[in-house]
Amino acid sequence: PTHSHNLQSPMSRPEVNGEGAGAAEQPGSQAKKRRVDKKNLRLDFHTHLLPRDLPDYKAEFGYGDGWVTFDHDQSKVKTQGNCRMMKNGSFFREIEPNCWDVDARIKDMDRDGIDVQVMCTVPVMFSYWAQPEHTVKVSQQLNNDLAEQCRKYPRRFIGLATVPMNDPTLAAAELKRCVQDLGMPGVQIGSHINKWNLDSPELKPFWLEAETLGAVVFIHPWDMELGGRHEKHWLPWLVGMPYETCHAVVCCLLGGVLQSYPKLKLCFAHGAGSFPFTLGRIEHGFHCRPDLCATASKHPPKYYIGKFHTDSIVHDGEALRCLISTIGAKKIVMGSDYPFPLGEVTGSAEGVYPGVYVDEATFLSDEETSDILAGNALELLSLKREDYGPEL
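Residues numbered from 1 in each chain as written. Predicted model: local features only at pLDDT ≥ 70, side-chain atom pairs only at ≥ 80, totals over all residues. Heavy atoms only, no water.

Draft legend 1. Highlighting the overall build of the protein. From N to C terminus, the protein includes 13 helices and 11 strands. Taking 21 Å as the expected radius of gyration for a compact globule of 392 residues, we find that the protein reaches 20 Å, a close match to that expectation. Dimensions of the protein, computed from the C-alpha atoms along their principal axes, are close to 60 × 50 × 45 Å. Expressed as a percentage of its 392 residues, the buried residues of the protein come to 56%. For the protein, contacts bridging at least 24 residues in sequence account for 71% of all contacts bridging at least 6. Roughly 16,500 Å² of accessible area belongs to the protein as shown, and the carbon and sulfur atoms make up 52% of that amount. Taken together, the 41 basic and 51 acidic charged side chains of the protein have centroids lying 2 Å from each other. (Helix = DSSP H or I, 4+ residues; strand = E, 2+ residues; numbered from the N terminus. Rg over C-alpha atoms; globule rule 2.2 N^0.38 Å. Buried < 20%, exposed > 50% of the residue type's maximum accessible area, 1.4 Å probe, protein only. Contact = heavy atoms within 4.5 Å. Areas by Shrake-Rupley, 256 points an atom, 1.4 Å probe, with all protein chains shown as cover. Lys, Arg positive; Asp, Glu negative; His and termini not counted. Charge placed at Lys NZ, Arg CZ, Asp CG, Glu CD.)

Following this line, the structure appears as structure tokens:
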């Protein structure tokens, strides 16, 4: 099968900021619905940032068609200020300044009432397919740039590292550097690592180091199948991503990752994908076919509920109700997937903005709302409320 590395050809997807062209913001409609929340800190746990510039890795390393570079030649862009994202020297898509410019992000955050963003790289930059000694170099450059951007506004931004998971020993070492030297509270990894699922024994050095450091591990879907039956209807992003995340959750539960490393701080993107709605089926399989499902974990899947987090990006009020009912209000962190329009991002659709479905969840208590908007994330990241948010 053809895999994405979170990229599609320019002909198969819109060109501005990734997963769909940003719909023009309807003047007034967003402002009328958006709550200016003076009571609660609002922390967006799931956002992505790229460096302004990247080296020509193909020229530097001498191989690879998956490397990304940026072309800031303003005579070539459709909208002034934007940048052309290039893959293997060919145009891939045009991205807006909020993909790399933290000052542009601050303006959007202030517009949306977001006090703090947790930022991590875009999964296309994982580079797990490359030689590990090159993946670690890319990771270090991305992490150093991310730390530098966070230092510009330390009350507004928190960084999650990326590490060379294709060599778990190198990944453990880079995670330790990012936590101890760069002050990052965690890391983002993919939902699988090439042919390794997250319960593959090769990953033990990484899991052990993450648990030892108390680092949060944010697990993001990536590398979905694109070809054949998946070519139409944007299926890799609409169906493949929820599958990938559910697959990662099940590997961590049935595969014994949380059993072996019970103090791990795991958080799964996109509301854990399809997992909340299929938990009953997975639990039933554990009991009716223990020969297949109970081979690595002595505990059934539901035992682990309350032992990991998810973000809130499910795009629907009833889906959020299901997520909270399944995972628990104390284990959900608000996220948006900013700046990509497939997330809950202002201008992506009528009335949408970061945290809109949490705001509209009348079934939540004030305390639960406050927890989801920031409290749970701060607790997960082991950070103090008074250290974050705009200066009063």
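Draft legend 2. Quick look at helix H13 (residues 366–381). An ideal rise of 1.5 Å per residue puts 22 Å on 16 residues; H13 measures up with 22 Å between its terminal C-alpha atoms. Of all bends in H13, the biggest is about 60°, found at isoleucine 372. For H13, the full list of buried residues reads Thr369, Asp371, Ile372, Leu373, Ala374, Asn376, Ala377, Leu378, Leu380 and Leu381. Immediately downstream of H13, the backbone of serine 382 shows phi near 60°, a positive value. (Expected span 1.5 Å × (residues − 1). Bend = angle between axes of the 7 residues up to and from the residue.)

Draft legend 3. How the structure looks around the sheet that holds strand S6 (residues 157–159). The strand order across the open sheet formed by 3 strands is S1-S5-S6, and the pairing between neighbours is parallel. Single-partner strands in this sheet number two, and they are strand S1 (43–48) and S6. Strand-to-strand twist of the sheet, defined as the mean angle between neighbouring strand axes without regard to direction, takes the value 30°. Relative to strand S5 (residues 116–120), S1 runs parallel, the two sharing 4 bridges. Its bridge partner being in S5, aspartate 44 is matched across the sheet by glutamine 117. Sitting on the sheet, helix H3 (residues 102–112) touches S1, S5 and S6, and the angle it makes with S5 is about 140°. In this fold H13 packs onto S1, S5 and S6, with an angle of close to 70° to the strand it touches most, S1. (Pairing = 2+ DSSP bridges. Axes fitted to C-alpha atoms, helices over the stretch in contact; angles between N-to-C directions.)

Draft legend 4. The arrangement of the nonpolar core in detail. Judged by nonpolar contacts, the single largest core of 70 residues is most densely connected at Trp207 and Phe275. Of all the elements, helix H7 (residues 235–254) adds the most residues to this core, at 8 residues. When near neighbours in sequence (up to four residues on either side) are disregarded, phenylalanine 275 contacts Cys246, Val249, Val250, Leu253, Ile282, Ile305, Phe308 and Ile327. Formed by 20 residues, the second largest nonpolar core is a distinct cluster that contains Leu50, Phe61, Leu142 and Phe340. (Core = buried A, V, L, I, M, F, W, Y, C linked by side-chain atoms within 4.5 Å.)

Draft legend 5. Quick look at the pattern of salt bridges. Overall, the coordinates contain 14 salt bridges when judged by the stated rule. Among the ionic pairs, aspartate 71 bridges to lysine 76, the shortest N-O distance being 3.4 Å. Overall, aspartate 71 belongs to the buried group, its relative accessible area being 18%. Close ionic contact of arginine 111 with aspartate 112 constitutes a salt bridge, the shortest N to O distance being 2.9 Å. Beyond isolated ion pairs, a larger network of salt bridges with shared partners links Asp71, Lys76 and Arg84. (Salt bridge = Lys/Arg side-chain N within 4 Å of Asp/Glu carboxyl O.)

Draft legend 6. View of the pairing of strand S9 (residues 265–268). Here 4 bridges tie strand S8 (residues 216–220) to S9, and the two strands are oriented parallel to one another. If you follow phenylalanine 218 over to S9, its bridge partner there is cysteine 267. Strand direction decides the pairing type here: S9 and strand S10 (residues 309–311), joined by 2 bridges, are parallel. By the bridge assignment for S10, cysteine 267 is matched with histidine 309.

Draft legend 7. View of the packing of helix H5 (residues 168–180) against helix H6 (residues 204–213). Where H5 contacts H6, the axes come no closer than 8 Å and their chain directions differ by 20°. By the criterion of interaxial angle, the relationship of H5 to H6 is roughly parallel. Considering only the axes of H5 and H6, their crossing is right-handed. Of the residues in H6, those touching H5 at Pro168, Thr169, Ala171, Ala172, Leu175, Lys176, Val179 and Gln180 are Pro205, Phe206, Glu209, Ala210 and Leu213. (Parallel < 35°, antiparallel > 145°, perpendicular 65-115°, else oblique. Left-handed = near helix turned anticlockwise from the far one by under 90°.)

Draft legend 8. Fine view of the packing of aromatic side chains. What the rule picks out here adds up to 15 aromatic pairs. Ring centres of phenylalanine 275 and phenylalanine 308 lie 6.1 Å apart, and the angle between their planes is 70°; on these two criteria the pair is classed as edge-to-face. Note that phenylalanine 275 is positioned in helix H9 (residues 275–288) and phenylalanine 308 in the loop between helix H10 (290–293) and S10, a separation of 33 residues in sequence. Residue phenylalanine 275 shares its accessibility class with phenylalanine 308, and that shared class is buried. Aromatic rings pair up to connect Tyr57, Phe61, Tyr63, Trp67 and Trp129 into one cluster. (Phe/Tyr/Trp six-rings, centres within 6.5 Å; stacked < 30°, edge-to-face > 60°.)

Draft legend 9. Region of interest: the sheet that holds strand S3 (residues 83–87). If you trace the 3 strands from one edge of the open sheet to the other, you get S2-S3-S4, paired in antiparallel fashion. Strands with a single pairing partner mark the edges of an open sheet, and in this sheet they are strand S2 (68–71) and strand S4 (90–95). This sheet shows a mean twist of 35° between the axes of neighbouring strands, independent of strand direction. By the bridge criterion, 4 bridges tie S2 to S3 in an arrangement that is antiparallel. Paired with valine 68 across the strands is lysine 87, a residue of S3.

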